[in-house]
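# Observations on the model geometry
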Amino acid sequence: MSSVAAFQLILISLVAMVGLQLLATRLHFPPAAALLLGGIALAFVPGLPPVALDPDLVLIVFLPPLLMSGAYFSVWDDLRNNLSSILTLAVGAVVFTTLCVGLVLHWFVPALPWAACFALGAIVSPPDAVAAKAVLERLSLPRRLTVLLEGESLLNDAAGLVLVRFAVTAALTGAFSASHAVMSFTLLAIGGVVVGALVSYVMIKALRFLEDDFLVITTTLLTSWISYIVADLVGVSAVISTVTCGLAVGWYQHEVFSATVRLRGSSFWAVMVFLLEALVFILIGLSLRGVVARLGAHGGFTDLLPAVIAVVLAVIVSRFLFVFGIEGITSLVRRLRGEPARIDWRATTILGWAGMRGVVTLAVALGLPDSMPGRDLILVASFAVIVVTVVGQGATIETVIEWIRPDRTSTRNARHLSEPQAWALVEAAQFTAIHPLVHDADGNVIHPRLFEQYSYRANLSKSMGELETFPTERREAHYDVVLAAIAAGRKELLRLHRAGELHDEIMHTMERDLDLQEITARHNRG
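Keep in mind that this is a model prediction, so the values were computed, not measured.

Conventions and cut-offs
Residues numbered from 1 in each chain as written. Predicted model: local features only at pLDDT ≥ 70, side-chain atom pairs only at ≥ 80, totals over all residues. Heavy atoms only, no water. Helix = DSSP H or I, 4+ residues; strand = E, 2+ residues; numbered from the N terminus. Buried < 20%, exposed > 50% of the residue type's maximum accessible area, 1.4 Å probe, protein only. Contact = heavy atoms within 4.5 Å. Areas by Shrake-Rupley, 256 points an atom, 1.4 Å probe, with all protein chains shown as cover. Salt bridge = Lys/Arg side-chain N within 4 Å of Asp/Glu carboxyl O. 1 Å grid on protein atoms, 1.4 Å probe; cavity = no way out; pocket = protein on both sides within 12 Å on 5 of 7 lines; lining within 4 Å. Points joined across faces, edges and corners; volume = space filled by probe spheres on them. Nonpolar A, V, L, I, M, F, W, Y, C, P; charged D, E, K, R; others polar. pLDDT = per-residue confidence, 0-100. Phe/Tyr/Trp six-rings, centres within 6.5 Å; stacked < 30°, edge-to-face > 60°. Expected span 1.5 Å × (residues − 1). Polar contact = N/O pair within 3.5 Å; in protein donor to acceptor, adjacent residues only side chain to side chain.

## A short note on the overall build of the chain
Within the chain one finds 21 helices and 0 strands. Relative to its full complement of 526 residues, the chain shows a buried share of 46%. Looking at the chain alone, contacts between residues at least 24 apart form 79% of all its contacts between residues at least 6 apart. For the chain, the accessible surface area stands at approximately 27,600 Å², while carbon and sulfur atoms represent 65% of it.

Laid out in C-alpha coordinates, this is it:
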(Lines give C-alpha, C1' and ligand atoms only; values in the text may rest on other atoms or scores of the structure.)
Protein backbone atom coordinates (compact mmCIF):
# COMPACT_ATOMS: atom_id res chain seq x y z
CA MET A 1 0.00 0.00 0.00
CA SER A 2 1.38 3.41 -0.99
CA SER A 3 1.65 6.29 1.49
CA VAL A 4 -1.17 8.14 -0.29
CA ALA A 5 -3.41 5.05 -0.17
CA ALA A 6 -2.63 4.60 3.52
CA PHE A 7 -3.58 8.21 4.24
CA GLN A 8 -6.78 7.87 2.23
CA LEU A 9 -7.65 4.74 4.20
CA ILE A 10 -7.14 6.64 7.46
CA LEU A 11 -9.46 9.41 6.22
CA ILE A 12 -12.09 6.83 5.23
CA SER A 13 -11.74 5.26 8.68
CA LEU A 14 -12.23 8.64 10.37
CA VAL A 15 -15.36 9.33 8.33
CA ALA A 16 -16.65 5.86 9.15
CA MET A 17 -15.80 6.48 12.80
CA VAL A 18 -18.04 9.56 12.95
CA GLY A 19 -20.94 7.71 11.33
CA LEU A 20 -20.54 4.61 13.49
CA GLN A 21 -20.28 6.70 16.65
CA LEU A 22 -23.53 8.50 15.80
CA LEU A 23 -25.24 5.22 14.92
CA ALA A 24 -24.10 3.59 18.15
CA THR A 25 -25.42 6.55 20.16
CA ARG A 26 -28.79 6.40 18.43
CA LEU A 27 -29.11 2.62 18.92
CA HIS A 28 -27.70 2.68 22.49
CA PHE A 29 -25.00 0.28 21.32
CA PRO A 30 -21.43 0.33 22.69
CA PRO A 31 -19.30 2.48 20.34
CA ALA A 32 -16.35 0.08 20.64
CA ALA A 33 -18.46 -2.81 19.34
CA ALA A 34 -19.95 -0.67 16.58
CA LEU A 35 -16.49 0.49 15.46
CA LEU A 36 -15.16 -3.06 15.43
CA LEU A 37 -18.09 -4.35 13.38
CA GLY A 38 -17.80 -1.33 11.08
CA GLY A 39 -14.12 -2.07 10.54
CA ILE A 40 -14.94 -5.68 9.69
CA ALA A 41 -17.53 -4.49 7.14
CA LEU A 42 -15.04 -2.01 5.65
CA ALA A 43 -12.45 -4.77 5.28
CA PHE A 44 -14.56 -6.45 2.60
CA VAL A 45 -15.65 -3.35 0.67
CA PRO A 46 -14.59 -3.85 -2.98
CA GLY A 47 -11.77 -1.59 -4.06
CA LEU A 48 -10.34 -0.92 -0.63
CA PRO A 49 -6.71 -2.03 -0.37
CA PRO A 50 -5.94 -4.81 2.11
CA VAL A 51 -4.61 -3.68 5.46
CA ALA A 52 -1.37 -5.24 6.68
CA LEU A 53 -0.74 -3.95 10.19
CA ASP A 54 2.81 -3.65 11.48
CA PRO A 55 2.30 -4.94 15.06
CA ASP A 56 5.30 -3.09 16.47
CA LEU A 57 4.11 0.15 14.88
CA VAL A 58 0.57 -0.35 16.21
CA LEU A 59 1.82 -0.86 19.75
CA ILE A 60 4.20 2.09 19.77
CA VAL A 61 1.73 4.50 18.13
CA PHE A 62 -1.41 3.69 20.10
CA LEU A 63 -0.40 2.14 23.42
CA PRO A 64 1.83 4.81 25.07
CA PRO A 65 -0.57 7.80 24.85
CA LEU A 66 -3.56 5.66 25.85
CA LEU A 67 -1.70 4.21 28.85
CA MET A 68 -0.43 7.68 29.74
CA SER A 69 -3.94 9.12 29.62
CA GLY A 70 -5.37 6.35 31.79
CA ALA A 71 -2.61 6.71 34.37
CA TYR A 72 -2.65 10.53 34.28
CA PHE A 73 -6.32 10.70 35.22
CA SER A 74 -6.13 7.88 37.78
CA VAL A 75 -6.87 8.64 41.42
CA TRP A 76 -3.81 7.89 43.53
CA ASP A 77 -5.72 7.26 46.72
CA ASP A 78 -8.02 4.71 45.09
CA LEU A 79 -5.11 2.93 43.42
CA ARG A 80 -3.12 2.74 46.64
CA ASN A 81 -6.06 1.43 48.68
CA ASN A 82 -6.86 -1.26 46.11
CA LEU A 83 -3.33 -2.07 44.94
CA SER A 84 -3.28 -5.67 46.22
CA SER A 85 -6.58 -6.47 44.47
CA ILE A 86 -5.43 -4.77 41.26
CA LEU A 87 -2.16 -6.72 41.22
CA THR A 88 -4.04 -9.95 41.91
CA LEU A 89 -6.12 -9.33 38.79
CA ALA A 90 -3.30 -7.89 36.68
CA VAL A 91 -0.90 -10.77 37.36
CA GLY A 92 -2.88 -13.62 38.90
CA ALA A 93 -5.76 -13.57 36.42
CA VAL A 94 -3.34 -13.36 33.48
CA VAL A 95 -1.34 -16.38 34.67
CA PHE A 96 -4.48 -18.39 35.49
CA THR A 97 -6.09 -17.64 32.11
CA THR A 98 -2.85 -18.52 30.32
CA LEU A 99 -2.76 -21.91 32.03
CA CYS A 100 -6.45 -22.66 31.41
CA VAL A 101 -6.34 -21.70 27.73
CA GLY A 102 -3.12 -23.66 27.23
CA LEU A 103 -4.58 -26.81 28.80
CA VAL A 104 -7.83 -26.57 26.83
CA LEU A 105 -6.06 -25.92 23.53
CA HIS A 106 -3.65 -28.81 24.01
CA TRP A 107 -6.57 -31.11 24.78
CA PHE A 108 -8.23 -30.14 21.47
CA VAL A 109 -4.98 -30.05 19.45
CA PRO A 110 -2.60 -32.58 21.06
CA ALA A 111 -0.08 -32.20 18.24
CA LEU A 112 0.50 -28.55 19.11
CA PRO A 113 3.49 -28.07 21.46
CA TRP A 114 2.70 -27.04 25.03
CA ALA A 115 4.69 -23.85 24.65
CA ALA A 116 2.60 -22.77 21.63
CA CYS A 117 -0.60 -23.50 23.56
CA PHE A 118 0.55 -21.37 26.46
CA ALA A 119 1.69 -18.66 24.05
CA LEU A 120 -1.90 -18.32 22.81
CA GLY A 121 -3.06 -18.30 26.43
CA ALA A 122 -0.70 -15.44 27.22
CA ILE A 123 -1.77 -13.50 24.12
CA VAL A 124 -5.49 -13.60 24.95
CA SER A 125 -5.16 -13.43 28.75
CA PRO A 126 -4.86 -9.65 29.49
CA PRO A 127 -8.03 -7.56 29.13
CA ASP A 128 -7.16 -4.52 27.08
CA ALA A 129 -6.86 -0.99 28.51
CA VAL A 130 -8.35 0.55 25.35
CA ALA A 131 -11.28 -1.86 25.17
CA ALA A 132 -12.01 -1.59 28.89
CA LYS A 133 -11.99 2.21 28.87
CA ALA A 134 -14.09 2.43 25.72
CA VAL A 135 -16.80 0.25 27.29
CA LEU A 136 -16.60 1.32 30.94
CA GLU A 137 -16.77 5.08 30.35
CA ARG A 138 -20.43 4.71 29.36
CA LEU A 139 -21.41 2.77 32.47
CA SER A 140 -22.31 3.70 36.02
CA LEU A 141 -20.41 1.29 38.26
CA PRO A 142 -19.55 1.23 41.96
CA ARG A 143 -16.39 3.27 42.47
CA ARG A 144 -14.24 0.37 43.72
CA LEU A 145 -15.24 -1.81 40.76
CA THR A 146 -14.26 0.91 38.31
CA VAL A 147 -10.90 1.34 40.05
CA LEU A 148 -10.21 -2.41 39.91
CA LEU A 149 -11.04 -2.70 36.21
CA GLU A 150 -9.11 0.40 35.17
CA GLY A 151 -6.13 -0.46 37.35
CA GLU A 152 -6.05 -4.03 36.03
CA SER A 153 -6.17 -2.89 32.41
CA LEU A 154 -3.23 -0.53 32.99
CA LEU A 155 -0.91 -3.18 34.43
CA ASN A 156 -1.90 -6.58 33.04
CA ASP A 157 -0.41 -5.99 29.58
CA ALA A 158 3.03 -6.15 31.17
CA ALA A 159 2.35 -9.61 32.62
CA GLY A 160 0.84 -10.86 29.36
CA LEU A 161 3.68 -9.57 27.18
CA VAL A 162 6.33 -11.15 29.40
CA LEU A 163 4.52 -14.50 29.36
CA VAL A 164 4.24 -14.33 25.57
CA ARG A 165 7.97 -13.68 25.27
CA PHE A 166 8.89 -16.76 27.30
CA ALA A 167 6.26 -18.98 25.69
CA VAL A 168 7.35 -18.07 22.15
CA THR A 169 11.00 -18.62 23.07
CA ALA A 170 10.14 -22.01 24.54
CA ALA A 171 8.11 -22.98 21.45
CA LEU A 172 10.97 -22.08 19.11
CA THR A 173 13.89 -23.40 21.17
CA GLY A 174 12.31 -25.98 23.48
CA ALA A 175 13.95 -24.36 26.53
CA PHE A 176 12.00 -22.95 29.49
CA SER A 177 12.72 -22.25 33.16
CA ALA A 178 9.91 -21.21 35.50
CA SER A 179 12.29 -19.72 38.07
CA HIS A 180 14.06 -17.74 35.35
CA ALA A 181 10.70 -16.48 34.06
CA VAL A 182 9.60 -15.28 37.51
CA MET A 183 12.95 -13.58 38.14
CA SER A 184 12.91 -11.92 34.72
CA PHE A 185 9.37 -10.66 35.18
CA THR A 186 10.28 -9.15 38.56
CA LEU A 187 13.33 -7.41 37.13
CA LEU A 188 11.41 -6.16 34.10
CA ALA A 189 8.67 -4.74 36.32
CA ILE A 190 11.07 -3.06 38.76
CA GLY A 191 13.12 -1.72 35.86
CA GLY A 192 9.97 -0.30 34.26
CA VAL A 193 9.08 1.53 37.47
CA VAL A 194 12.61 2.95 37.75
CA VAL A 195 12.75 4.13 34.13
CA GLY A 196 9.25 5.62 34.32
CA ALA A 197 10.14 7.48 37.52
CA LEU A 198 13.38 8.84 36.04
CA VAL A 199 11.73 9.97 32.80
CA SER A 200 8.88 11.64 34.69
CA TYR A 201 11.37 13.40 37.01
CA VAL A 202 13.30 14.84 34.06
CA MET A 203 10.17 15.82 32.14
CA ILE A 204 8.50 17.47 35.15
CA LYS A 205 11.66 19.52 35.73
CA ALA A 206 11.65 20.51 32.05
CA LEU A 207 7.95 21.42 32.07
CA ARG A 208 8.54 23.99 34.81
CA PHE A 209 10.66 26.04 32.36
CA LEU A 210 8.07 26.03 29.56
CA GLU A 211 5.76 29.03 29.58
CA ASP A 212 3.82 28.36 26.38
CA ASP A 213 0.67 26.31 27.05
CA PHE A 214 0.85 24.44 23.76
CA LEU A 215 4.49 23.49 24.32
CA VAL A 216 3.58 22.13 27.75
CA ILE A 217 0.72 20.04 26.34
CA THR A 218 2.85 18.80 23.44
CA THR A 219 5.72 17.89 25.76
CA THR A 220 3.33 16.00 28.01
CA LEU A 221 2.17 13.97 25.01
CA LEU A 222 5.76 13.29 23.96
CA THR A 223 6.53 12.09 27.47
CA SER A 224 4.33 9.04 26.91
CA TRP A 225 6.40 7.91 23.92
CA ILE A 226 9.71 8.84 25.54
CA SER A 227 9.00 6.70 28.61
CA TYR A 228 7.84 3.80 26.42
CA ILE A 229 10.74 3.92 23.96
CA VAL A 230 13.45 4.46 26.59
CA ALA A 231 12.19 1.49 28.62
CA ASP A 232 12.04 -0.66 25.49
CA LEU A 233 15.61 0.30 24.55
CA VAL A 234 16.85 -0.45 28.08
CA GLY A 235 15.09 -3.82 27.99
CA VAL A 236 12.55 -3.35 30.80
CA SER A 237 8.75 -3.23 30.79
CA ALA A 238 7.70 -0.34 28.55
CA VAL A 239 4.08 -0.69 29.72
CA ILE A 240 4.93 -0.30 33.42
CA SER A 241 7.34 2.53 32.60
CA THR A 242 4.63 4.48 30.77
CA VAL A 243 2.05 3.87 33.50
CA THR A 244 4.53 4.97 36.19
CA CYS A 245 5.36 8.10 34.23
CA GLY A 246 1.68 8.91 33.73
CA LEU A 247 0.93 8.50 37.43
CA ALA A 248 3.82 10.80 38.37
CA VAL A 249 2.89 13.53 35.87
CA GLY A 250 -0.74 13.31 36.96
CA TRP A 251 0.30 13.70 40.58
CA TYR A 252 2.44 16.81 39.94
CA GLN A 253 0.11 18.44 37.40
CA HIS A 254 -1.42 20.62 40.13
CA GLU A 255 1.97 22.16 40.86
CA VAL A 256 3.42 22.29 37.35
CA PHE A 257 0.47 23.16 35.11
CA SER A 258 -1.44 26.39 35.03
CA ALA A 259 -5.23 26.47 35.01
CA THR A 260 -5.29 27.15 31.26
CA VAL A 261 -2.92 24.25 30.56
CA ARG A 262 -5.14 21.90 32.51
CA LEU A 263 -8.26 23.18 30.73
CA ARG A 264 -6.74 23.02 27.28
CA GLY A 265 -4.84 19.84 28.01
CA SER A 266 -7.95 18.01 29.19
CA SER A 267 -9.75 18.93 25.97
CA PHE A 268 -6.76 17.94 23.85
CA TRP A 269 -6.34 14.58 25.55
CA ALA A 270 -10.06 13.83 25.37
CA VAL A 271 -10.16 14.37 21.60
CA MET A 272 -6.89 12.55 20.97
CA VAL A 273 -7.84 9.53 23.07
CA PHE A 274 -11.23 9.40 21.35
CA LEU A 275 -9.58 9.35 17.90
CA LEU A 276 -6.96 6.78 18.87
CA GLU A 277 -9.47 4.44 20.49
CA ALA A 278 -11.82 4.69 17.52
CA LEU A 279 -9.01 4.04 15.01
CA VAL A 280 -7.81 1.06 17.04
CA PHE A 281 -11.14 -0.74 16.77
CA ILE A 282 -11.59 0.11 13.09
CA LEU A 283 -8.06 -1.13 12.32
CA ILE A 284 -8.75 -4.35 14.23
CA GLY A 285 -11.82 -4.89 12.06
CA LEU A 286 -9.93 -4.05 8.87
CA SER A 287 -7.24 -6.59 9.71
CA LEU A 288 -9.77 -9.45 9.43
CA ARG A 289 -9.37 -9.44 5.65
CA GLY A 290 -5.71 -10.40 5.95
CA VAL A 291 -6.52 -13.11 8.49
CA VAL A 292 -9.17 -14.61 6.20
CA ALA A 293 -6.83 -14.50 3.21
CA ARG A 294 -4.05 -16.25 5.14
CA LEU A 295 -6.35 -18.97 6.42
CA GLY A 296 -7.89 -19.44 3.00
CA ALA A 297 -4.43 -20.15 1.62
CA HIS A 298 -3.87 -22.79 4.33
CA GLY A 299 -7.13 -24.69 4.18
CA GLY A 300 -9.80 -22.46 5.73
CA PHE A 301 -11.61 -22.28 9.05
CA THR A 302 -13.33 -25.65 9.28
CA ASP A 303 -10.50 -27.59 10.87
CA LEU A 304 -9.76 -24.81 13.35
CA LEU A 305 -13.32 -24.04 14.41
CA PRO A 306 -13.67 -26.48 17.37
CA ALA A 307 -10.37 -25.37 18.90
CA VAL A 308 -11.22 -21.68 18.38
CA ILE A 309 -14.61 -22.05 20.10
CA ALA A 310 -12.94 -23.91 22.97
CA VAL A 311 -10.36 -21.13 23.39
CA VAL A 312 -13.03 -18.41 23.46
CA LEU A 313 -15.02 -20.29 26.10
CA ALA A 314 -11.86 -21.00 28.12
CA VAL A 315 -11.01 -17.28 28.15
CA ILE A 316 -14.45 -16.29 29.44
CA VAL A 317 -14.93 -19.13 31.92
CA SER A 318 -11.42 -18.95 33.39
CA ARG A 319 -11.91 -15.30 34.32
CA PHE A 320 -15.11 -16.14 36.19
CA LEU A 321 -13.40 -19.03 37.96
CA PHE A 322 -10.54 -16.80 39.03
CA VAL A 323 -12.52 -13.79 40.29
CA PHE A 324 -15.05 -15.95 42.17
CA GLY A 325 -12.24 -18.10 43.54
CA ILE A 326 -10.37 -15.07 44.85
CA GLU A 327 -13.58 -13.62 46.30
CA GLY A 328 -14.31 -16.94 48.04
CA ILE A 329 -10.80 -17.21 49.48
CA THR A 330 -10.90 -13.61 50.70
CA SER A 331 -14.26 -14.18 52.36
CA LEU A 332 -13.00 -17.38 54.04
CA VAL A 333 -9.89 -15.64 55.40
CA ARG A 334 -12.02 -12.87 56.87
CA ARG A 335 -14.32 -15.40 58.53
CA LEU A 336 -11.33 -17.20 60.07
CA ARG A 337 -10.21 -13.87 61.51
CA GLY A 338 -13.63 -13.37 63.05
CA GLU A 339 -14.50 -10.51 60.68
CA PRO A 340 -17.89 -10.18 58.96
CA ALA A 341 -17.60 -11.39 55.39
CA ARG A 342 -19.84 -12.27 52.47
CA ILE A 343 -19.29 -12.97 48.80
CA ASP A 344 -20.38 -9.97 46.74
CA TRP A 345 -21.63 -12.00 43.78
CA ARG A 346 -23.03 -8.94 42.01
CA ALA A 347 -19.74 -7.02 41.80
CA THR A 348 -17.81 -10.23 41.11
CA THR A 349 -20.12 -11.13 38.21
CA ILE A 350 -19.54 -7.74 36.61
CA LEU A 351 -15.80 -8.11 37.20
CA GLY A 352 -15.87 -11.46 35.42
CA TRP A 353 -17.94 -10.21 32.49
CA ALA A 354 -15.80 -7.10 31.90
CA GLY A 355 -12.89 -8.85 30.24
CA MET A 356 -12.70 -7.24 26.81
CA ARG A 357 -9.61 -7.86 24.67
CA GLY A 358 -8.26 -5.51 22.03
CA VAL A 359 -5.23 -3.99 20.35
CA VAL A 360 -2.51 -5.66 22.42
CA THR A 361 -3.92 -9.13 21.76
CA LEU A 362 -4.12 -8.51 18.02
CA ALA A 363 -0.72 -6.82 17.71
CA VAL A 364 1.09 -9.57 19.61
CA ALA A 365 -0.64 -12.29 17.58
CA LEU A 366 0.26 -10.57 14.30
CA GLY A 367 3.84 -10.15 15.50
CA LEU A 368 4.46 -13.87 15.98
CA PRO A 369 7.24 -15.25 13.74
CA ASP A 370 6.17 -17.32 10.73
CA SER A 371 8.06 -20.30 12.15
CA MET A 372 5.88 -20.31 15.26
CA PRO A 373 4.02 -23.64 15.54
CA GLY A 374 0.25 -23.20 15.14
CA ARG A 375 0.56 -19.54 14.08
CA ASP A 376 -2.62 -19.63 11.96
CA LEU A 377 -4.64 -21.13 14.79
CA ILE A 378 -3.25 -18.59 17.26
CA LEU A 379 -4.08 -15.71 14.91
CA VAL A 380 -7.69 -16.70 14.23
CA ALA A 381 -8.32 -17.63 17.87
CA SER A 382 -6.97 -14.27 19.02
CA PHE A 383 -9.22 -12.43 16.58
CA ALA A 384 -12.22 -14.51 17.65
CA VAL A 385 -11.57 -13.69 21.32
CA ILE A 386 -11.43 -9.96 20.50
CA VAL A 387 -14.68 -10.02 18.52
CA VAL A 388 -16.61 -12.10 21.06
CA THR A 389 -15.45 -10.14 24.10
CA VAL A 390 -15.83 -6.66 22.59
CA VAL A 391 -19.07 -7.28 20.69
CA GLY A 392 -20.60 -9.97 22.90
CA GLN A 393 -19.57 -8.94 26.40
CA GLY A 394 -19.13 -5.24 25.65
CA ALA A 395 -22.61 -4.98 24.11
CA THR A 396 -24.32 -6.84 26.97
CA ILE A 397 -22.46 -5.63 30.06
CA GLU A 398 -24.84 -2.70 30.54
CA THR A 399 -27.77 -5.14 30.50
CA VAL A 400 -25.96 -7.37 32.97
CA ILE A 401 -25.40 -4.41 35.31
CA GLU A 402 -29.04 -3.38 35.12
CA TRP A 403 -30.13 -6.97 35.77
CA ILE A 404 -28.02 -7.73 38.84
CA ARG A 405 -28.11 -4.16 40.27
CA PRO A 406 -24.79 -3.90 42.13
CA ASP A 407 -24.56 -1.97 45.38
CA ARG A 408 -23.49 1.56 44.40
CA THR A 409 -23.36 2.98 47.92
CA SER A 410 -19.91 4.17 48.96
CA THR A 411 -18.52 5.41 52.23
CA ARG A 412 -16.39 8.54 52.46
CA ASN A 413 -12.96 8.14 53.98
CA ALA A 414 -13.04 9.77 57.44
CA ARG A 415 -9.86 11.70 56.72
CA HIS A 416 -11.33 13.26 53.58
CA LEU A 417 -13.24 16.52 53.74
CA SER A 418 -16.70 16.73 52.26
CA GLU A 419 -17.16 19.19 49.39
CA PRO A 420 -18.90 21.79 51.62
CA GLN A 421 -16.13 21.50 54.21
CA ALA A 422 -13.45 21.94 51.56
CA TRP A 423 -15.19 24.96 50.03
CA ALA A 424 -15.61 26.52 53.48
CA LEU A 425 -11.85 26.37 54.02
CA VAL A 426 -10.99 27.53 50.49
CA GLU A 427 -13.37 30.48 50.54
CA ALA A 428 -12.35 31.47 54.06
CA ALA A 429 -8.76 31.60 52.77
CA GLN A 430 -9.87 33.66 49.79
CA PHE A 431 -11.72 36.11 52.05
CA THR A 432 -8.69 36.39 54.33
CA ALA A 433 -6.46 37.10 51.32
CA ILE A 434 -8.64 39.85 49.86
CA HIS A 435 -9.52 41.46 53.22
CA PRO A 436 -6.41 43.67 53.47
CA LEU A 437 -6.53 44.41 49.74
CA VAL A 438 -10.01 45.91 49.72
CA HIS A 439 -9.23 48.43 52.49
CA ASP A 440 -7.05 51.52 52.27
CA ALA A 441 -4.63 52.73 54.95
CA ASP A 442 -7.50 54.36 56.88
CA GLY A 443 -9.59 51.18 56.90
CA ASN A 444 -12.09 52.35 54.30
CA VAL A 445 -13.44 49.76 51.85
CA ILE A 446 -12.17 50.59 48.36
CA HIS A 447 -13.53 47.47 46.58
CA PRO A 448 -16.97 47.05 48.15
CA ARG A 449 -18.32 44.58 45.58
CA LEU A 450 -15.36 42.21 45.98
CA PHE A 451 -15.58 42.47 49.75
CA GLU A 452 -19.31 41.72 49.67
CA GLN A 453 -18.89 38.81 47.23
CA TYR A 454 -16.17 36.95 49.14
CA SER A 455 -17.72 37.71 52.51
CA TYR A 456 -21.04 36.27 51.36
CA ARG A 457 -19.43 33.13 49.90
CA ALA A 458 -17.31 32.51 53.00
CA ASN A 459 -20.27 32.91 55.38
CA LEU A 460 -22.54 30.73 53.21
CA SER A 461 -19.98 27.91 53.00
CA LYS A 462 -19.33 28.13 56.74
CA SER A 463 -23.05 27.80 57.49
CA MET A 464 -23.24 24.66 55.34
CA GLY A 465 -19.96 23.10 56.49
CA GLU A 466 -21.67 20.29 58.41
CA LEU A 467 -23.67 19.11 55.40
CA GLU A 468 -22.46 16.24 53.22
CA THR A 469 -23.61 17.99 50.03
CA PHE A 470 -24.81 21.46 49.12
CA PRO A 471 -28.55 22.16 48.77
CA THR A 472 -28.97 22.21 45.02
CA GLU A 473 -32.15 24.26 44.55
CA ARG A 474 -30.68 27.68 45.39
CA ARG A 475 -27.51 27.04 43.40
CA GLU A 476 -29.40 25.77 40.33
CA ALA A 477 -31.81 28.71 40.37
CA HIS A 478 -28.89 31.16 40.56
CA TYR A 479 -26.97 29.64 37.68
CA ASP A 480 -30.11 29.20 35.56
CA VAL A 481 -30.37 33.00 35.60
CA VAL A 482 -26.67 33.32 34.74
CA LEU A 483 -27.03 30.86 31.83
CA ALA A 484 -30.09 32.72 30.54
CA ALA A 485 -28.12 35.96 30.56
CA ILE A 486 -25.23 34.31 28.70
CA ALA A 487 -27.62 32.90 26.08
CA ALA A 488 -29.16 36.33 25.51
CA GLY A 489 -25.71 37.92 25.18
CA ARG A 490 -24.63 35.24 22.71
CA LYS A 491 -27.76 35.80 20.61
CA GLU A 492 -27.16 39.57 20.45
CA LEU A 493 -23.47 39.06 19.66
CA LEU A 494 -24.34 36.78 16.76
CA ARG A 495 -26.94 39.28 15.48
CA LEU A 496 -24.38 42.11 15.46
CA HIS A 497 -21.85 39.94 13.64
CA ARG A 498 -24.34 38.76 11.02
CA ALA A 499 -25.46 42.35 10.45
CA GLY A 500 -21.87 43.36 9.70
CA GLU A 501 -21.62 45.61 12.74
CA LEU A 502 -18.91 43.58 14.51
CA HIS A 503 -15.41 42.70 13.33
CA ASP A 504 -14.45 39.01 13.35
CA GLU A 505 -11.63 39.51 15.84
CA ILE A 506 -13.92 41.27 18.32
CA MET A 507 -16.53 38.59 17.72
CA HIS A 508 -14.11 35.79 18.56
CA THR A 509 -12.75 37.58 21.63
CA MET A 510 -16.18 38.26 23.07
CA GLU A 511 -17.46 34.81 22.15
CA ARG A 512 -14.54 33.20 24.00
CA ASP A 513 -15.40 35.21 27.13
CA LEU A 514 -18.99 34.02 26.91
CA ASP A 515 -17.81 30.42 26.41
CA LEU A 516 -15.67 30.57 29.55
CA GLN A 517 -18.54 32.09 31.51
CA GLU A 518 -20.88 29.33 30.34
CA ILE A 519 -18.40 26.55 31.18
CA THR A 520 -17.94 27.96 34.67
CA ALA A 521 -21.67 28.43 35.23
CA ARG A 522 -22.57 24.92 34.04
CA HIS A 523 -19.82 23.40 36.19
CA ASN A 524 -20.91 25.30 39.30
CA ARG A 525 -24.56 24.49 38.66
CA GLY A 526 -23.68 20.75 38.78
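Let's pick the thread back up.
## So, the pattern of salt bridges
Scanning the model with the defined rule gives 4 salt bridges in all. The partner of arginine 495 in a salt bridge is glutamate 492, and the shortest N-O contact between them spans 2.8 Å. Here arginine 495 and its partner glutamate 492 are both found in helix H20 (residues 472-498), 3 residues apart, which amounts to about one turn of the helix.

## Considering empty space enclosed by the protein
For the structure shown, the criterion picks out 4 cavities of 30 Å³ or more. Contributions of two or more residues to the lining of the largest cavity are made by helix H10 (213-234) and helix H12 (259-286). Residue contributions to the lining of the largest cavity peak at 5 residues, all from H12. For the lining of the largest cavity, a count of residues per class yields 6 nonpolar, 3 polar and 1 charged. What lines the second largest cavity is simply Leu53, Pro55, Val58, Phe62, Val280, Leu283, Ile284, Val359, Leu362, Ala363 and Leu366. Taken together, the elements giving at least two residues each to the lining of the second largest cavity come down to helix H3 (55-72), H12 and helix H16 (359-366). Considering each element in turn, the lining of the second largest cavity owes the most residues, 4 residues, to H16. Residue composition of the lining of the second largest cavity, by class: 11 nonpolar, no polar and no charged.

## Some points on the confidence of the model for the chain
With 85% of its residues at a pLDDT of 70 or more, the chain shows a mean pLDDT of 80. At the low end of the mean pLDDT range in the chain sits helix H7 (residues 129-136), at 62; at the high end sits H10, at 93.

## Some words on the side chain of threonine 223
Its place among the elements puts threonine 223 in helix H10. Leaving out residues up to four positions away in the same chain, threonine 223 has contacts with Met68, Val199, Met203 and Cys245.

## What to know about the packing of aromatic side chains
Scanning the model with the defined rule gives 5 aromatic pairs in all. With a centroid separation of 5.8 Å and an interplanar angle of 40°, the aromatic rings of phenylalanine 96 and phenylalanine 322 are classed as tilted. One end of the pair, phenylalanine 96, is in helix H5 (residues 83-108); the other, phenylalanine 322, is in helix H14 (residues 305-336), with 226 residues separating them in the sequence. Exposure remark for phenylalanine 96: the relative accessible area of 28% places this residue in the partly exposed category. A residue is classified by how much of its surface remains accessible, and phenylalanine 322, at 11% relative accessible area, is buried.

## Quick look at the environment of glutamine 393
Residue placement: glutamine 393 occurs in helix H17 (residues 375-404). The class of glutamine 393 is buried, set by a relative accessible area of 2%. Remark: the alpha-carbon pair of glutamine 393 and alanine 33, spanning 360 residues in sequence, is separated by 9.4 Å.

## Points about the environment of tryptophan 76
Relative to the helices and strands, tryptophan 76 is located in helix H4 (residues 76-81). When its relative accessible area of 35% is taken as the criterion, tryptophan 76 is described as partly exposed. Between the C-alpha atom of tryptophan 76 and that of leucine 247, which follows or precedes it by 171 residues, the distance is 7.8 Å. Not counting residues within four places of it along the chain, the set of residues in contact with tryptophan 76 comprises Leu247, Ala248 and Trp251.

## Examining H10
End to end, H10 covers 31 Å across 22 residues, agreeing with the expected 32 Å (1.5 Å per residue, within 8%). Looking at where H10 begins, the residue whose side-chain oxygen comes 2.9 Å from the main-chain nitrogen of phenylalanine 214 is aspartate 212. With its phi angle positive at about 95°, glycine 235 sits one or two positions after the end of H10.

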